[in-house]
Amino acid sequence: MSADSVAAPKITFTPGADNRVRRRLLWSNLVRQACRIAVYSAIVVLLVLLSVVFWLSIGWLDAQFLQSGTSRLAERAGIKAGLWGSFWLILLTAVISLPIGVGAAVYLEEYASDNRLTRTIKTNLANLAGVPSIVYGMLGLAAFVKMFGLFGGLRSGLQLNLGLLVVPLPFGKTVISGALTMSLLILPIVIIAAQESLRAVPRSIRIASLALGATRWQTVWRQVLPAALPGIATGAILAISRAIGETAPLLMAGAVSMARIYPGGIESPMDLLDPSKVGAAPFSAYTTMPTAIYEYIKIPEEEFAHVAAAGIVVLMIVLTVFNAAAVVIRMRAAKKVKW
Amino acid sequence: MSTESQRHVPPSVKGVDRDQDMSEHSLAIEARNVDFYYGNLQVLFDISLLVPERSVTALIGPSGCGKSTFLRTLNRMNDLIDDTRVSGKILIEQQDINSDDVDVVLLRKHVGMVFQKSTPFPKSIFDNVAYGPRIAGEKNKTYLADLVESCLKQAALWDEVKGRLTDSAMALSGGQQQRLCIARTLATTPRIILMDEPASALDPASTSRIEDLIGELCSQYTIVIVTHNMQQASRVSHRTAFFFEGRLIEFGPTTQIFTNPAEKKTEDYITGRFG
Ligand SMILES: Nc1ncnc2c1ncn2[C@@H]1O[C@H](COP(=O)(O)OP(=O)(O)OP(=O)(O)O)[C@@H](O)[C@H]1O
Ligand SMILES: [Mg+2]
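Residues numbered from 1 in each chain as written. Chains lettered and ligands numbered in written order. Predicted model: local features only at pLDDT ≥ 70, side-chain atom pairs only at ≥ 80, totals over all residues. Heavy atoms only, no water.

Asker: Would you mind going over the interface of chain B and chain A in detail, with residue names and values included?
Answerer: Contact residues are listed per partner, giving 23 residues for chain B and 21 residues for chain A. Of the roughly 2000 Å² buried between chain B and chain A on both sides combined, carbon and sulfur atoms contribute 64%. Linking chain B with chain A are zero salt bridges. Of all the secondary structure elements, the ones that give two or more residues to the side of chain B that touches chain A are helix 2 (104-110), strand 6 (111-114), helix 3 (125-135) and helix 6 (174-186) of chain B. Grouping the amino acids of the side of chain B that touches chain A by side-chain chemistry returns eleven nonpolar, six polar and six charged. (Contact = heavy atoms within 4.5 Å. Buried area = accessible area lost by both parts, 1.4 Å probe. Salt bridge = Lys/Arg side-chain N within 4 Å of Asp/Glu carboxyl O. Helix = DSSP H or I, 4+ residues; strand = E, 2+ residues; numbered from the N terminus. Nonpolar A, V, L, I, M, F, W, Y, C, P; charged D, E, K, R; others polar.)

See below:
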């Protein structure tokens, strides 16, 4: 017969007595609350930690602290040597690892054909990123600090005179050894991040560029890299931030702990104008912020808890500034690409 | 059976004279016994086809019959796909483009390509059009500005974008983007333009603008266009090639193919009986 002879059942928008519906809604709410608790508990723990550190540092984070080197006397202890050491270490690490890392990613994604060798390399990069950092420290100690003993011991090695640069062989416990070790440590991260950003650039852009008579390199340089730059920059900054905070491999591979050491004897930005000092910096002994903090924490006297807290605050400020700068750089790069 | 008088062939666009005598024109493209393989899969069989210069040739045929593949053999874009092989000879202006001393970069500069899906670069409108000449080493700012303007005018886009050349090309509409891609191809001053379904994603107005554009361009350029739109093929082309399952079934003057095809398959296809 006709359809309208069967009355459609009444529909309702309130759960009422329907237990199945109510259970479903209840569950949905529970999950939502659980997720909210997860977020807030993480934030609370972080806030507690931060406030304790800030609290401890009050009265200790002063001009004297910022202007003194590492010391075993609490009233003379400072973070300046660590700041300069970290500055040189990170500068060299970035200079070494970023071109190599981005270059490797460009090769793997844009040039390498898909054969067994490149597949093996690609899968093992992820494994390398997971190797404990202390292992890199040991590698750095053998390969860079001692150079496998090829040039004799640390004190009996050679010196290469290259004008402004006097390069000790083996490198010994110098900034350059630390930077090379750190570069090994962060290269897998840089490469993987760069690969992912390159892969995110649509293939059609490459094809269109090549179809207009561009060479591969022109396509990479003018189309692919600019489009991938924001992503590459993010990965690079995450990797460098990791290097700033990393301690264990440097303890293995050379950072000196208790000392008032400034690489190249550079103690103020004005000293950067002296080329001989700048040239000497990579081959000087050094300490870093996390190494200094680590040393302060190990000292049992109570004052040093405050000294360490002051150091942590400085380290965190540096990291924050660094990440903020990174965000700005990334936004600039993203603006150039007119999606 | 349908007869010639019953067949309706739409009038051609301005600039395309379907009855034009091309015997004086020299050959722009000459394909001789071309076979093509993706790995072990052969998708083109013994294709031979002559294209006179300054003419429009339409490639038609059902989906998957190898039109795009054939088009890509003409500027060696298939090189970008792993594990492909071409045999036979393809001559462009009498030169074998698959010979060892041919540089694909130069080949593609002279044999431009417009894709089905418009692919503007994430750059400004100006930089999109100037890209080809710039990578070829052109630096003169006034020359580039003039060239960009004239190419945009040729592509019938100038009036719509002249006030915002520095805006992102991604902000243009689909039809505008496609005309931008045509302008971009013109800017490399190619001799031959390959178009793979350039209007398939466009509305009727944009489509007819692109068809008019083809009519204007064919006095200077040799154009090979793939299309699924029979009306379009008959409106814009001097000659039509019908592909079926990797073979060239029939190739001749567009009027003849559409009114009096020699092959039963061609007739079935253009009358919409399959495909
Ligand atoms: N990259 C590829 N690898 C392997 N096979 C391919 C590839 N590209 C196309 N083919 C195959 O080659 C044949 C011809 O494809 P082609 O794209 O040339 O067809 P077409 O005529 O352009 O079709 P359409 O009208 O749908 O665009 C098809 O069978 C297709 O599956
Ligand atoms: Mg196709």
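Asker: Account for the site of ligand 1, naming residues and giving values.
Answerer: All names here are of chain B. Around ligand 1 sit Tyr 38, Val 43, Ser 63, Gly 64, Cys 65, Gly 66, Lys 67, Ser 68, Thr 69, Ile 81, Glu 197 and His 228, and that is every residue in its neighbourhood. Contact between ligand 1 and Gly 66: an oxygen atom at 3.0 Å from a main-chain N or O atom of the residue. In the model, an oxygen atom of ligand 1 is placed 2.6 Å from a nitrogen or oxygen of the Ser 68 side chain. Protein chains shield 63% of the accessible area of ligand 1, which is 630 Å² for the free molecule. Tallying contributions element by element places helix 1 (residues 67-73) first for the shell around ligand 1, with three residues. Its residues assigned to classes, the shell around ligand 1 comprises four nonpolar, six polar and two charged. (Near = heavy atom within 4 Å. Polar contact = N/O pair within 3.5 Å; in protein donor to acceptor, adjacent residues only side chain to side chain. Areas by Shrake-Rupley, 256 points an atom, 1.4 Å probe, with all protein chains shown as cover.)

Asker: Break down the nonpolar core for me, citing the residues and quoting the values.
Answerer: Formed by 57 residues in total, the largest nonpolar core has its most connected members in Ile 29, Leu 59, Phe 70, Leu 71, Leu 194 and Phe 243 of chain B. The dominant element in this core, judged by the number of residues it contributes, is helix 8 (residues 216-245) of chain A, at six residues. Other than its neighbours up to four places away in sequence, Leu 71 of chain B contacts Leu 59, Met 113, Leu 194, Met 195, Asp 196, Val 224 and Val 226 of chain B. (Core = buried A, V, L, I, M, F, W, Y, C linked by side-chain atoms within 4.5 Å. Buried < 20%, exposed > 50% of the residue type's maximum accessible area, 1.4 Å probe, protein only.)

Asker: Explain the pattern of salt bridges residue by residue, including any values.
Answerer: Within this structure, the stated rule accounts for 20 salt bridges over all chains. A salt bridge links Arg 191 of chain B to Glu 93 of chain B; the shortest N-O distance between them is 3.0 Å. Pair noted here: Arg 191 of chain B is in the loop between helix 6 and strand 7 (192-196) and Glu 93 of chain B is in the loop between strand 4 (84-92) and strand 5 (95-96), with a separation of 98 residues, a long-range link. Judged by its relative accessible area of 46%, Arg 191 of chain B falls in the partly exposed class. Owing to a relative accessible area of 25%, Glu 93 of chain B belongs among the partly exposed residues under this scheme. Beyond isolated ion pairs, a larger network of salt bridges with shared partners links Glu 109, Lys 122 and Arg 199 of chain A.

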